[in-house]
Amino acid sequence: MSEMTSVERTALYKSLGNPVRRRILDYLGRHGEANSTVLAKELGESSGTTSYHLRKLAEQKLIEEIPEKSGGRERWWRSLPFSHTTPDPATMEPAEYAAAEQLALLKIELDTRLFRRAHAEYRGPEGWAQVRRTGTWMTREDLHAFVRAYEELLDRYGRPGDDAPEGARRVSLRFYAAPDPVGEWEGEPTGP
């Protein structure tokens, strides 16, 4: 996506934080495509509600209509590739920050569930569920290079569902990195 304004980012964060829209995006991510009737049945909503939210997601270029499957009033949709990096909170307008914070709280809740599930489903180093935690020393430049390498690995090993080989499953990955606080811990200096 091109550079977004604060107003556009605010709308994006509110949209991504909407429970129905989140569930629609999740469904499309897992199943590839759907129409409002399929989504209504799957999500327990009316087709009018799902149709409205589909149009809103399309306005934000998060999904697109599948012309070859759509006809008359029946419109089929698929998700679009999407990547967004939230700007420095100090540069955000108050409404944008509030929307980003609400979305972050929702993500934390979802990610906590995913973390617990990964631990519950862990069956050793050869299983589908994997959990890794570590700590190490890095410069800021090292960390930025690591993040770029992580993104390159995602591009190298990840693929869209319609290009997935036999036996592939959708895998949820999360990456967090935060430096330890600067100060003292048990009398020992920490940080740079």
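Residues numbered from 1 in each chain as written. Predicted model: local features only at pLDDT ≥ 70, side-chain atom pairs only at ≥ 80, totals over all residues. Heavy atoms only, no water.

(A) The pairing of strand β3 (residues 76–79), seen in detail. With two bridges joining them, strand β1 (residues 34–35) and β3 adopt antiparallel strand pairing. Along β3, the bridge assignment pairs Asn35 with Trp76. For strand β2 (residues 63–65) and β3, the ladder comprises three bridges, and the chain directions are antiparallel. Bridge assignment links Glu65 to a residue of β3, and that residue is Trp77. (Pairing = 2+ DSSP bridges. Helix = DSSP H or I, 4+ residues; strand = E, 2+ residues; numbered from the N terminus.)

(B) Here's a closer look at helix α4 (residues 47–59). Taking 1.5 Å of rise per residue, 13 residues should cover 18 Å, and α4 covers 18 Å from first to last C-alpha, within 8% of that figure. Listed as buried for α4 are Thr50, His53, Leu54 and Leu57. Relative to the axis of α4, the buried residues are bounded by an arc of 105 degrees and lie together on one face. Looking at the buried positions of α4, the neighbouring elements they touch are α1 (6–17), α2 (19–31), β1, α3 (36–43), β2 and β3. Downstream of α4 by one or two residues, Lys61 has phi in the positive range, about 60 degrees. (Expected span 1.5 Å × (residues − 1). Buried < 20%, exposed > 50% of the residue type's maximum accessible area, 1.4 Å probe, protein only. Arc of directions from axis to C-beta. Contact = heavy atoms within 4.5 Å.)

(C) Looking closely at the environment of Leu12. Mapped onto the elements, Leu12 comes out in helix α1. C-alpha separation for the pair Leu12 and Ala99, spaced 87 residues apart in sequence, amounts to 8.7 Å. In this structure, Leu12 is in contact with Met4, Gln60, Leu62, Phe82 and His84, ignoring residues within four places of it in sequence.

(D) Quick peek at the pattern of salt bridges. The final tally for this structure, using the stated rule, is twelve salt bridges. Here Glu68 makes a salt bridge to Arg78, at a shortest N to O gap of 3.7 Å. With Glu68 in the loop between β2 and β3 and Arg78 in strand β3, this residue pair connects regions lying ten residues apart in the sequence. Sharing partners across several salt bridges, the network here consists of Asp26, Arg30 and Arg170. (Salt bridge = Lys/Arg side-chain N within 4 Å of Asp/Glu carboxyl O.)

That's the geometry; what it means functionally is another story.
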